[in-house]
Amino acid sequence: MLSDSSLEEALWYPATRMQEGLWVLDRDELQRPTQLVPSVVEFTGEVRHERLLDAARRTIARHPSLRARFRYDTKRRRVEYATHGEPGTAVFRDAEAEGLAESEVDAFVRELCGTPFDLAVDAPARAVVVRLDSRRTLLVLVSHHIVVDGLSRTMLLEEIFTVYRAGLAGTEPELSSPPHPASVVADRAPEEVTAQVDEVVERLRGAPVDVRLPFERGAGDDLEAARLGATVTGRLDPEHTAKALAVAAEEGCTTFMLGVALLAGTLARGSGQRDFLIAFAWPGRDHPDAADVIGMFITTVVLRVSLETDTSWRELLRAARLGSMEAFMDADVPLDALAARLNPDRTRLWPPLTPVLLNLDDAPHTPELAPGVTGRLRPLDPLYVKYDLAAFVRTVDAADGRQLELSLDYPTDVTDHSALSALLTDLRRSAADMATSPEEPVLEQPVETIDLDDPEERLELVRTLWREVLGTDDVDDDVSFFESGGDSLLLVVLVERLSQASGRALRTVDLFRSTTVSGQAELLTTPAGAV
């Protein structure tokens, strides 16, 4: 670790292994836009634009990592960076005064979020404050992944908001002096790293470096589509969410580990694969002084999880917990070293070991700028992807209770986009099965593909569940559930069974209002993920 005095003497600092990898990716034209970390926040309310612009400018200028310039030193054969350069820009645009239409503003934001930095010349961060009209303002903050990880992005936004509020109050914000990122990076002996790599390779050896996904990508001719992504998002209803989280807690599993079990179980149900490597992001801030440093500390880690024919959901949760804990303990192992040993024939720069990523989604979805001003993070457009499938899991507080939210990012060059919505529905069904039947084997509860866009399949699904709940084969599509022999208690059972089978977050009150087979079939036209 470098001392403060040596930091002052040294103008160029060695990049970390992760930064070296990102520098290599940035050399590839196709990968360059995927290395950006953009945030687009829309505020509604009275915003003092000059104050927000000043807050963004001060925040960008304060942190050494955001003034970094990178180069490759041929003599030392290393990527290195200096932090004595000028900070990035923060500028103001008045869309209303310039007469810009919404579509023109959107195009400007897309260009801003997709334009790469020249790491040798440009400061790796920029900001723009856009006044849309008297009540709406955009803050667009774009940095390069080589100097900013997910936690840094959150801290940057929060610091901008802190400086803004202090400016409104006419005071100076209480901010600690930002440490230099090189001061909190510990050097490791090469032999120590080699021994740890050997241990992890042995644990992961034999696992397939590919994952059988329920969709196919295009031929690769459209390079633009290959790097652009789309997202589908869905939620589990509060009742099943509470049960699933309770089962996970009984096995000592976090929400992330629950996501690992759901993803592995769902993919196993839809294919013959039983052994999976799943990548995830590790914060990498083990040094006690790194907690509030803006920098790139995150590492990509790979965990292994597998199941057998008779593995229950509870046992799969235990396996997910074990695989996650083993990966956490070896989170500082260089991924490129693992890839060289486990996947030496890889033909792509990224991803090196598995096409599937799972992360806990902890991004600030409701930014707080000031009293009377509401904020929201706009969905990224364009969305750039590295993995064939990137899954994100989180819990949210909805109006009717806590819900488990699942999101899937995928490349736009897939040949069948509906397969992603079907996969999301399968994940929700898996979560419902885990919640209600944790002792049952995962693979003995096969996911039957139901096309909810097909009116006849919707009707047949509802008919089947009515017959099951009512214990009769005599079901009329246009006769009330209660007239067919049902009661309030059986209706609650029907809600649970229909939610589980369809992947839709249905409520008891919905079925009270739509009491016939045909009416309840129409409820299933609500898109997966609607609350």
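Everything in this summary refers to the structure shown in the same document. Since the structure is predicted, the reported quantities are computational estimates derived from the model, not experimental observations.

## Things to note about the packing of aromatic side chains
Following the criterion strictly, the structure yields 11 aromatic pairs and no others. Between Trp23 and Tyr72 the ring centres are 6.0 Å apart and the planes differ by 25 degrees, which places this aromatic pair in the stacked class. In this pair, Trp23 sits in helix H2 (residues 17–26) while Tyr72 sits in strand S3 (residues 69–73), placing the two residues 49 residues apart along the sequence. Residue classification places Trp23 among the buried residues on the basis of a relative accessible area of 16%. Aromatic rings pair up to connect Phe256, Phe280, Trp282 and Phe328 into one cluster. Positioned above the aromatic ring of Trp12, the side-chain terminus of Arg71 is 3.8 Å from the ring centre. Cation over ring: Arg93 sits above Phe108, and NZ or CZ is 4.7 Å from the ring centre.

## Thoughts on the nonpolar core
Ranked by size, the top nonpolar core spans 78 residues in total, and within it Phe43, Leu52, Phe70, Leu139, Ile160 and Leu369 carry the most contacts. Sequence-distant contacts of Phe43, that is, excluding residues within four places in its chain, are made with Leu52, Arg135, Arg136, Thr137, Leu139, Phe161, Leu369, Val373, Thr374 and Gly375. If you look at the next biggest cluster of nonpolar residues, it comprises 51 residues, including Ile278, Val301, Leu389 and Leu420.

## A short note on the pattern of salt bridges
Using the criterion set out here, one finds 42 salt bridges in the structure. Of the charged contacts in the structure, one is a salt bridge between Asp361 and Arg394, with a shortest N-O distance of 4.0 Å. Of the two residues, Asp361 is situated in the loop between strand S11 (356–360) and strand S12 (368–370) and Arg394 in strand S15 (residues 389–398); the sequence distance between them amounts to 33 residues. Via salt bridges that share partners, Glu42, Glu102, Asp106, Asp133, Arg136, Arg376 and Arg378 belong to a single interconnected network.

## A word on a negative patch on the surface
On the surface, Glu308, Asp310, Glu315, Glu440 and Glu444 cluster together into a negatively charged patch. Structurally, the position occupied by Asp310 is in the loop between strand S10 (299–306) and helix H10 (313–329).

## Here's the deal with the sheet that holds S3
Overall, antiparallel pairing links the three strands, which are arranged S1-S4-S3 in an open sheet. Unpaired on one side and paired on the other, strand S1 (13–14) and S3 mark the two borders of the sheet. Examined bridge by bridge, S3 and strand S4 (residues 78–82) share five bridges and lie antiparallel to one another. Paired with Tyr72 across the bridge in S4 is Val79. Sheet strands in contact with H2 are S3 and S4, and its direction is about 95 degrees off that of S4.

## Focus on the sheet that holds strand S13 (residues 373–377)
An order of S5-S6-S7-S2-S13-S12 is seen for the six strands of this open sheet, with the pairing classed as mixed. Edge positions in the open sheet fall to strand S5 (90–94) and S12, since each of these has one partner strand only. Mean inter-strand twist for the sheet, computed between neighbouring axes without regard to direction, equals 20 degrees. The pairing of strand S6 (residues 125–131) with strand S7 (residues 136–144) spans seven bridges and is antiparallel. Bridging from a neighbouring strand, Arg131 pairs with Thr137 of S7. Sheet contacts for helix H3 (residues 49–62): strand S2 (36–44), S5, S6, S7 and S12; angle to S6, the most-contacted strand, approximately 175 degrees.

## Considerations on unusual backbone geometry
A cis amide bond links Asp381 with the next residue in sequence, Pro382, at an omega value of 10 degrees. Tracing the backbone through its elements, the reader meets Pro382 in the loop between S13 and strand S14 (383–384). Positive phi, close to 55 degrees, is recorded for Arg77, a residue that is not glycine. Mapping Arg77 onto the fold places it in the loop between S3 and S4. Note on Arg77: relative accessible area 68%, which makes it exposed.

## Regarding H3
With 14 residues, H3 should cover 20 Å at 1.5 Å per step; its first-to-last C-alpha distance of 20 Å lies within 8% of that length. Within H3, the full set of buried residues consists of His49, Leu52, Leu53, Ala55, Ala56, Thr59 and Ile60. Taken down its axis, H3 places every buried residue within 160 degrees of arc, on the same side. For H3, the secondary structure elements touched by its buried residues are S2, S5, S6, S7, helix H5 (150–169) and S12.

## Focus: the environment of Asp416
Note that Asp416 resides in the loop between strand S16 (401–411) and helix H12 (418–436). Of note is the side chain of Asp416, whose polar atom sits 2.5 Å from the side chain of Ser418.

## Details of helix H13 (residues 455–470)
Over its 16 residues, H13 extends 22 Å from the first C-alpha to the last, a length consistent with the 22 Å expected when each residue adds 1.5 Å. Of the positions making up H13, those classed as buried are Arg458, Leu459, Leu461, Val462, Arg463, Leu465, Trp466, Val469 and Leu470. For H13, the elements touching its buried residues are helix H14 (488–502) and helix H16 (517–523). Looking at the residues trailing H13, positive phi occurs at Gly471, about 70 degrees.

## Let's talk about the environment of Gln196
By secondary structure assignment, the location of Gln196 is in helix H6 (residues 190–204). Measuring from C-alpha to C-alpha, the distance between Gln196 and Val333 comes to 6.8 Å, with 137 residues separating the pair along the chain. For Gln196, the residues in contact, after removing those within four places along its chain, are Arg188, Met329, Asp330, Asp332 and Val333.

About the thresholds
- Residues numbered from 1 in each chain as written.
- Predicted model: local features only at pLDDT ≥ 70, side-chain atom pairs only at ≥ 80, totals over all residues.
- Heavy atoms only, no water.
- Phe/Tyr/Trp six-rings, centres within 6.5 Å; stacked < 30°, edge-to-face > 60°.
- Helix = DSSP H or I, 4+ residues; strand = E, 2+ residues; numbered from the N terminus.
- Buried < 20%, exposed > 50% of the residue type's maximum accessible area, 1.4 Å probe, protein only.
- Lys NZ or Arg CZ within 6 Å of the ring centre and 35° of its normal.
- Core = buried A, V, L, I, M, F, W, Y, C linked by side-chain atoms within 4.5 Å.
- Contact = heavy atoms within 4.5 Å.
- Salt bridge = Lys/Arg side-chain N within 4 Å of Asp/Glu carboxyl O.
- Patch = residues over 30% accessible without salt bridge, like charges linked within 9 Å, V, L, I, M, F, W, Y side chains within 5 Å.
- Areas by Shrake-Rupley, 256 points an atom, 1.4 Å probe, with all protein chains shown as cover.
- Lys, Arg positive; Asp, Glu negative; His and termini not counted.
- Charge placed at Lys NZ, Arg CZ, Asp CG, Glu CD.
- Pairing = 2+ DSSP bridges.
- Axes fitted to C-alpha atoms, helices over the stretch in contact; angles between N-to-C directions.
- Expected span 1.5 Å × (residues − 1).
- Arc of directions from axis to C-beta.
- Polar contact = N/O pair within 3.5 Å; in protein donor to acceptor, adjacent residues only side chain to side chain.

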